[in-house]
Amino acid sequence: MRALVLHAPKSPLVLEERPAPRPGPGEVLLRVRACAVCRTDLHVVDGELPDPRLPLVPGHQIVGEVLEEVPAPGERPRFSPGTRVGVPWLGWTCGACAHCRAGRENLCDRARFTGYQIDGGYAELAVADARFCFPIPDGFPDLSAAPLLCAGLIGYRTLRMAGDAERIGIYGFGAAAHLVVQVARFEGRRIYGFVRPGDDVARAFALSMGAEWAGFSPDAPPEELDAALIFAPAGELVPAALRAVRKGGVVVCGGIHMSDIPSFPYSLLWGERGVRSVANLTRRDGEEFLALAPRVPVRTEVTVYPLEEANTALDDLRNGRFSGAAVLVPS
Ligand SMILES: [Zn+2]
Ligand SMILES: [Zn+2]
C-alpha cells in the first residue's frame, strides 16, 4: 500500500510503498476512503509535540471501510465487512487508571493516539482498535464526514465546556470553528467570530457560516461575551479573550498546542472568570456528536487533495490558504 511517512520532525512526509498492515486481536483493517488534515498533524510534523512514534503515518480523521475484523478473544466482531467507520485521535486507553475509571478516558495516563503513537490515515490502508471506531451516520459522504472526527469532535467538546453560554466568541475560524458554529447556532447561541488581523477572507467566511459579528482578534466585540473558544494556536489570544468575556465567563482553549501566553494583569481574570483547556476526546463525545451532527445538519466545507499531495495540504494549512477543512483522498 502507499503511505505518507514522517521519518523525522521538521522534514516533509515521504511517499512510500509499504506492506499492508495486519490487524491484531480486537482490531479492524480499513480501506481508507478519506482522511482529513488536522492542525495537530502539522504540530506533529513541525516537531511541536514531543516523542511521536517514528517512522509514523500521520492522520487521525479517518473514514474507512471495514475490510476485516479480528475479534478479541471471547468477543464478537463489532462491525460487518463494508461498514463505514470513523477513526478519531483517541486510539487506545488503558481502562484501569483513575481517569479512565472516572469516565475521563481523554486524560488516560497511558492513552495512545492515532497518527501520533499509532499509524494513521495518510495511507491506503489503516488498522485501528475496533472499540475506538465510530459508525459513520448514513447521509454523510466520506469527504464531509472526515473533518467531523477531530475538528468536529474536539470543537463539540470545547463548546460543551462553555456550559449554557449564549454569546460565544470564537477565536480562529478554521476547520473546528466552522463546524462548531453550526452546532452552536442550532442550540440557539449567538456567535462572534475573531480572525487574524487583516484576514478579510476569514472574516467573510465567519459571517457566511453564521457568526452574527466578525472582527479581528484584538477588537472588542459589540457586546460582552458569556464565553470564548480559542482554536488558533496563539497564546496572546487568551488575555484578549479574557478582556472580551463578562464576569463569571470562561475562556476555553481547544487546541493541543499553543504559543506561550503573555503575562496579563490579574484584573482580567478577576470576577470569577476562568481559563481552561480541552484535551483529546472521550468515546462518549464521539457518540453524542455523531448523533447530533445529522440533526443540525452539520455541513462541512472541504478542500480535497490527492493522498500524495499531503505535504501541500499541510503547507496550505500552515499558511491559511483554504477555508474549512482539507481532506486527503487516496486515488
Ligand atoms: Zn487509563
Ligand atoms: Zn485533530
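What counts, and where the lines are drawn
- Residues numbered from 1 in each chain as written.
- Chains lettered and ligands numbered in written order.
- Predicted model: local features only at pLDDT ≥ 70, side-chain atom pairs only at ≥ 80, totals over all residues.
- UniProt positions renumbered as here; feature names shortened; annotations may be inferred.
- Buried ≥ 20, exposed ≤ 12 C-beta atoms within 10 Å, placed from the backbone.
- Helix = DSSP H or I, 4+ residues; strand = E, 2+ residues; numbered from the N terminus.
- Pairing = 2+ DSSP bridges.
- Right-handed = clockwise from strand over helix to strand, strands pointing away.
- Expected span 1.5 Å × (residues − 1).
- Axes fitted to C-alpha atoms, helices over the stretch in contact; angles between N-to-C directions.
- Parallel < 35°, antiparallel > 145°, perpendicular 65-115°, else oblique.
- Left-handed = near helix turned anticlockwise from the far one by under 90°.
- Contact = placed C-beta atoms within 7 Å.

The name given to the protein in an unreviewed UniProt entry is Alcohol dehydrogenase, and the organism recorded there is Sorangium cellulosum. Regarding the protein, the UniProt comment filed under Cofactor (unreviewed entry) reads as follows: "Zn(2+)". Regarding the protein, the UniProt comment filed under Sequence similarities (unreviewed entry) reads as follows: "Belongs to the zinc-containing alcohol dehydrogenase family."

Caption draft 1: Region of the structure containing the pairing of strand β10 (residues 167-171). Summarising burial for β10: five of the five residues are buried, a large majority. Here β10 shows two buried faces, one formed by R167, G169 and Y171 and the other by I168 and I170. In this sheet, strand β11 (residues 190-195) lies alongside β10 in parallel orientation, the contact comprising five bridges. Opposite R167, over in β11, you have R190 as the bridge partner. Handedness of the crossover joining β10 and β11 through helix α5 (residues 175-186): right-handed.

Caption draft 2: Representation of α5 within the structure. Between the first and last C-alpha of α5 there are 18 Å, a value that for twelve residues agrees with the 16 Å anticipated at 1.5 Å per step. Burial runs high along α5: ten of the twelve residues are buried. Of the residues making up α5, those classed as buried are A175, A176, A177, H178, L179, V180, V181, Q182, V183 and A184. Positive phi shows up at G188, right after α5, with a value of about 85 degrees.

Caption draft 3: Spatial organisation of the packing of helix α4 (residues 151-160) against α5. Their axes nearest at 8 Å, the elements α4 and α5 cross at an angle of 55 degrees. It follows from the interaxial angle that α4 and α5 lie oblique. For the pair α4 and α5, the crossing hand works out as right-handed. Across the interface between the two elements, A151, G152, I154, G155, Y156, T158 and L159 of α4 pack against A175, A176, A177, L179, V180, V183 and A184 of α5.

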